[in-house]
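# Examining the three-dimensional arrangement
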Amino acid sequence: MVEKVENGLFGEFGGSYVPEDLQTVLEGLAEAFETYKDDPEFQEEFRYYLKEYVGRDNPLTFAQNLTQKIGSAKIYLKREDLNHTGAHKINNAIGQILLAKRMGATRVIAETGAGQHGVATATACAMFNIPCTIYMGKHDTERQALNVFRMELLGATVVPVEAGQGRLKDAVDAALGDLIENYQTTFYLLGSAVGPHPYPTMVKHFQSIISEESKLQILEKEGKLPTAVVACVGGGSNAIGAFANYIEEENVRLIGVEPKEAASITEGVPAIIHGFKCLTLLDEYGEPAPTHSIAAGLDYPGIGPEHSFLKTNGRAEYVTITGDDALEAFKELSQVEGIIPALESSHAIAYTIKLAKKLTKDDVIIVNLSGRGDKDVDQVFQMEKL
Ligand SMILES: *Cc1c(COP(=O)(O)O)cnc(C)c1O
């Protein structure tokens, strides 16, 4: 059912729509990735850092109180929130930085919106002692001053991008410009399952650890595969990692949860943005539309090409949750289980609660808890005061 990926194409989606000089750089990257991803030494090193630095395996926690309260399907939480730095992004950052080292890069660059990917990249660069430059829209640096400081504390140079609207898109453009100019020394560490080939494939590879673990864990705990796997979707990296090892298991429902306020898959149309084709929200001029989710990590107008493909071929389902419902789930999980989820993950929790009510006691749901909510406490505090 799932077609083989050729040249980074997932059906009509994905690919690489970039200027020729960038294309050459990306082909080199794709080649290096193909060479190293199955190399036993590379694998061993990746696993070593996941264990000793990130803290994997993380648990698949049975949410006993939430399950009991709903009185229906069993809910399990895949605890990416327990990783070092508090989310799944570090899995990918470690994988890509090991590749950067193999390729002889002496410098890493990245883009960041709210700062979460910038922080994960700066962390990995500190660990591997590689100089790091993070491009961030000027507007975003002002909104997220604390994250800028966090990245600087970790030794990164943060470059505020004044071009355009000073947002994520402008940061991506600046990072790509840097890469074209400095490709001989520089590795661009991209943060989600988006962008031109080979990034979506590469990010999926490194994030697949999530479902590799959860599948073993659920078989051990329940003796069967889950009814459904639920994950929130921004660019799509935690979701594709949470889905990866179940895609071939046709009886397992795969459910991606988007914010209603940035519903790229549910409401988007096929278009090319940031060098690849995906379902995306466009404004009246055909440009990527500004989005306004309460969860900064979900505020992206496009969506990874593989999700676009899984949506069109029907293998995965995509639903939306409003900011208000996510906020309610944020509080619910905190109070009932003593776990404060990231606002991004709260979208997945909110849908899981709805879904559990429709299923039976024989059903099992795995929800990917992509990150912890400590970073969001201040924001929710400010919102409550209004
Ligand atoms: C960045 C982020 C997301 C969204 O990114 P994906 O690539 O869609 O996974 C979700 N949850 C958390 C906690 C994040 O930091």
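Thresholds, definitions, all that
Residue numbers restart at each chain and count upward from 1, following the sequence in its written direction. For this predicted model, a pLDDT threshold of at least 70 governs which residues receive local features, and a threshold of 80 or more governs which side-chain atom pairs are given and counted, while totals over whole chains, interfaces and linings are taken from all residues. The basis for every side-chain value is the complete set of heavy atoms in the structure, and neither hydrogens nor water enter the calculation. Relative accessibility thresholds used throughout: buried, under 20% of the residue-type maximum; exposed, over 50%; partly exposed, between the two (1.4 Å probe, protein chains only). Only DSSP runs of H or I covering at least 4 residues are called helices, and only runs of E covering at least 2 are called strands; the numbering of each starts at the N terminus. When DSSP finds at least two bridges between two strands, those strands are taken to pair. Crossover handedness is defined here as right-handed if the route from the first strand over the helix to the second strand goes clockwise, with the strands pointing away from the viewer. Points on a 1 Å grid, built from protein atoms alone, make a cavity when a 1.4 Å probe fits but cannot get out and make a pocket when they are open with protein on both sides within 12 Å along at least 5 of 7 lines; residues with an atom within 4 Å of a point are the lining residues. Grid points are joined across faces, edges and corners, and a volume is the space filled by probe spheres set on the points. When residues are sorted by character, Ala, Val, Leu, Ile, Met, Phe, Trp, Tyr, Cys and Pro go into the nonpolar class, Asp, Glu, Lys and Arg into the charged class, and all the rest, Gly among them, into the polar class. Any residue with a non-hydrogen atom lying within 4 Å of a molecule or strand is treated as near it. In the analysis that follows, any N or O atom pair within 3.5 Å is treated as a polar contact, provided that within protein one partner can donate a hydrogen and the other can accept it, and provided that, for residues neighboring in sequence, both atoms belong to side chains. Only the protein chains shown count as cover for residues, and all accessible areas are computed by the Shrake-Rupley method using a 1.4 Å probe.

What follows concerns the pairing of strand β9 (residues 228–232). When you tally the buried positions in β9, you get five out of five residues, the bulk of the element. Side-chain alternation along β9 places A228, V230 and C232 on one buried face and V229 and A231 on a second face that is also buried. Relative to strand β10 (residues 253–259), β9 runs parallel, the two being bridged by five bridges. Residue pairing for β10: A228 is matched across the bridge by R253. Handedness of the β-α-β unit built from β9, helix α11 (residues 237–243) and β10 comes out right-handed. Inspection of the sheet shows β9 paired to strand β14 (residues 364–369) by three bridges, in the parallel sense. Bridge pairing in β14 places V229 opposite I366.

Evaluated as defined, the whole model comprises three cavities of 30 Å³ or more. In this model, the largest cavity occupies a volume close to 50 Å³. Forming the boundary of the largest cavity are F10, A193, P200, T201, I240, G304, P305, E306 and H307. Elements that contribute at least two residues to the lining of the largest cavity include exactly α9 (199–207) and α13 (305–312). Of the residues forming the lining of the largest cavity, the biggest block, three residues, is contributed by α13. Looking at side-chain class alone, the lining of the largest cavity contains five nonpolar, three polar and one charged residues.

If you check the shell around the ligand, you find 17 residues, and the closest are K89, Q116, S192, G234 and S237. G236 has a polar backbone atom sitting 2.8 Å from an oxygen atom of the ligand. For the ligand, an oxygen atom lies 2.8 Å from a polar atom in the backbone of N238. When isolated, the ligand has an accessible area of 380 Å², and the protein chains bury 97% of it. Its residues assigned to classes, the shell around the ligand comprises four nonpolar, eleven polar and two charged.

In short, the description is geometric, and any link to function would need to be established separately.
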